[in-house]
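Close look at the chain arrangement
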Amino acid sequence: MPADPRRSGPPKGGLQPGDMMGVGLQFAGSILLFLFVGMWLDGKLGTAPWLLIVGVFVGGSAGFWSMYRRLVIEPREREKETKK
């Protein structure tokens, strides 16, 4: 049966392309944010390049967790809600 064209929201099958783009931008943004925070702290504390490196890893971890949550955990929770 074809989907109702008046229905709003994402289709049952998954994320829209815009959602996927948002996930990638959020991942890159978190890495860049922590990179610049690490560079700034290195300049203030004179610890170059250690806090920059730590910042990149923390940003990558935070970005990956956000991406995992958005692409794996949220769809699983939505599926459980629709089964109730």
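Everything quoted here is computed from the prediction, not taken from an experiment.

1. A short note on helix H2 (residues 50-83)
Helix length check: H2, at 34 residues, gives a terminal C-alpha distance of 49 Å against a target of 50 Å (1.5 Å per residue), a fit within 8%. Of all the bends in H2, the largest measures some 35 degrees and sits at Arg 69. Within H2, the full set of buried residues consists of Gly 55, Gly 59, Gly 60, Gly 63 and Ser 66.

2. So, the pattern of salt bridges
With the rule as written, the count across this model stands at 3 salt bridges. Across the salt bridge formed by Glu 74 and Arg 70, the nearest N and O atoms sit 3.7 Å from each other. On the criterion of helical spacing, the pair formed by Glu 74 and Arg 70 is a turn pair, its members being 4 residues apart in helix H2. Owing to a relative accessible area of 28%, Arg 70 belongs among the partly exposed residues under this scheme. Between Lys 83 and Glu 79 there is a salt bridge, and its shortest N-O distance comes to 3.4 Å. Here Lys 83 and its partner Glu 79 are both found in helix H2, 4 residues apart, which amounts to about one turn of the helix. Residue Lys 83 is classed as exposed on the basis of its relative accessible area, which comes to 65%. Judged by relative accessible area, Glu 79 falls into the partly exposed class, the value being 44%. Three or more residues joined by partner-sharing salt bridges are found here, namely Arg 70, Glu 74 and Arg 78.

3. Quick look at the side chain of Asp 42
Relative to the helices and strands, Asp 42 is located in helix H1 (residues 17-45). Despite its burial, Asp 42 remains without a salt bridge, the nearest opposite charge being carried by Lys 44 at 13 Å. Polar contacts involving the side chain of Asp 42 include one to the main-chain amide nitrogen of Leu 51, which spans 3.1 Å. With sequence-adjacent residues up to four places away left out, Asp 42 is seen in contact with Thr 47, Ala 48, Pro 49, Trp 50, Leu 51 and Leu 52.

4. Topic: H1
The end-to-end C-alpha separation of H1 is 42 Å, in line with the 42 Å expected for 29 residues at 1.5 Å each. Of the positions making up H1, those classed as buried are Val 23, Ser 30, Leu 35, Gly 38 and Asp 42. On its buried face, H1 sits against H2. Gly 46 sits one or two positions beyond H1 and adopts a positive phi of about 70 degrees.

Reading guide: rules and limits
Residues numbered from 1 in each chain as written. Predicted model: local features only at pLDDT ≥ 70, side-chain atom pairs only at ≥ 80, totals over all residues. Heavy atoms only, no water. Helix = DSSP H or I, 4+ residues; strand = E, 2+ residues; numbered from the N terminus. Expected span 1.5 Å × (residues − 1). Bend = angle between axes of the 7 residues up to and from the residue. Buried < 20%, exposed > 50% of the residue type's maximum accessible area, 1.4 Å probe, protein only. Salt bridge = Lys/Arg side-chain N within 4 Å of Asp/Glu carboxyl O. Lys, Arg positive; Asp, Glu negative; His and termini not counted. Polar contact = N/O pair within 3.5 Å; in protein donor to acceptor, adjacent residues only side chain to side chain. Contact = heavy atoms within 4.5 Å.

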